[in-house]
Amino acid sequence: MSRQQFGFLAGFLVVAVWAAAGAGAAGLAVLAGLAGWLVVRVLDGDLAVTGLGDRAGARRR
């Protein structure tokens, strides 16, 4: 599946959930998807949780 097809499918599913269950459910579905994406990125080693903490601390200084 190409990135364009995946993007279309993701957008379609968000709108389908929105139409079937309302905007709140669609928002929760998007947040759950983003949380799952972040977990998989961390488990795959593509995203370092310690690096995120370092970035947040640098802004505060």
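Residues numbered from 1 in each chain as written. Predicted model: local features only at pLDDT ≥ 70, side-chain atom pairs only at ≥ 80, totals over all residues. Heavy atoms only, no water.

Undergrad: I'd love a proper account of the overall build of the protein chain, names of residues and values included.
TA: The secondary structure content of the protein chain amounts to three helices and zero strands. Counting from the amino terminus, helix and strand elements in the protein chain follow one another as α-α-α. Within the protein chain, the proportion of its 61 residues that are buried is 2%. Just so you have it, the protein chain exposes about 5200 Å², and 67% of that area is on carbon and sulfur atoms. (Helix = DSSP H or I, 4+ residues; strand = E, 2+ residues; numbered from the N terminus. Buried < 20%, exposed > 50% of the residue type's maximum accessible area, 1.4 Å probe, protein only. Areas by Shrake-Rupley, 256 points an atom, 1.4 Å probe, with all protein chains shown as cover.)

Undergrad: Break down a nonpolar patch on the surface for me, citing the residues and quoting the values.
TA: Together, Met1, Phe6, Phe8, Leu9, Phe12 and Leu13 make up a nonpolar patch on the protein surface, roughly 710 Å² of accessible area in all. Locating Leu13 in the fold gives a position in helix 1 (residues 3-21). Here Leu13 falls in the partly exposed class, since its relative accessible area comes to 46%. (Patch = residues over 30% accessible without salt bridge, like charges linked within 9 Å, V, L, I, M, F, W, Y side chains within 5 Å. Salt bridge = Lys/Arg side-chain N within 4 Å of Asp/Glu carboxyl O.)

Undergrad: So what about the packing of helix 1 against helix 2 (residues 23-44)? Which residues, and what values?
TA: The N-to-C vectors of helix 1 and helix 2 enclose an angle of 145 degrees; their axes lie 7 Å apart at closest approach. For the pair helix 1 and helix 2, the sense of crossing is right-handed. Seen from helix 1, the contacting residues are Val14, Val17, Trp18 and Ala21; seen from helix 2, they are Ala23, Ala25, Ala26, Ala29 and Val30. In terms of residue class, the contact of helix 1 with helix 2 is built from nine nonpolar, no polar and no charged. (Axes fitted to C-alpha atoms, helices over the stretch in contact; angles between N-to-C directions. Left-handed = near helix turned anticlockwise from the far one by under 90°. Contact = heavy atoms within 4.5 Å. Nonpolar A, V, L, I, M, F, W, Y, C, P; charged D, E, K, R; others polar.)

Undergrad: Explain the confidence of the model for the protein chain to me, using residue names and the numbers behind them.
TA: Looking at the protein chain as a whole, its pLDDT mean stands at 83, while 80% of the residues score no less than 70. When pLDDT is averaged over each helix and strand of the protein chain, the minimum, 63, is found for helix 3 (residues 49-60) and the maximum, 91, for helix 1. (pLDDT = per-residue confidence, 0-100.)

Undergrad: So what about the packing of aromatic side chains? Which residues, and what values?
TA: Within the structure shown, the criterion is met by one aromatic pair. Measuring from ring centre to ring centre gives 6.3 Å for Phe8 and Phe12, while their planes differ by 20 degrees; the resulting arrangement is stacked. One end of the pair is Phe8 and the other is Phe12, both in helix 1 and four residues apart, which spans about a single turn. You can call Phe8 exposed: its relative accessible area is 62%. (Phe/Tyr/Trp six-rings, centres within 6.5 Å; stacked < 30°, edge-to-face > 60°.)

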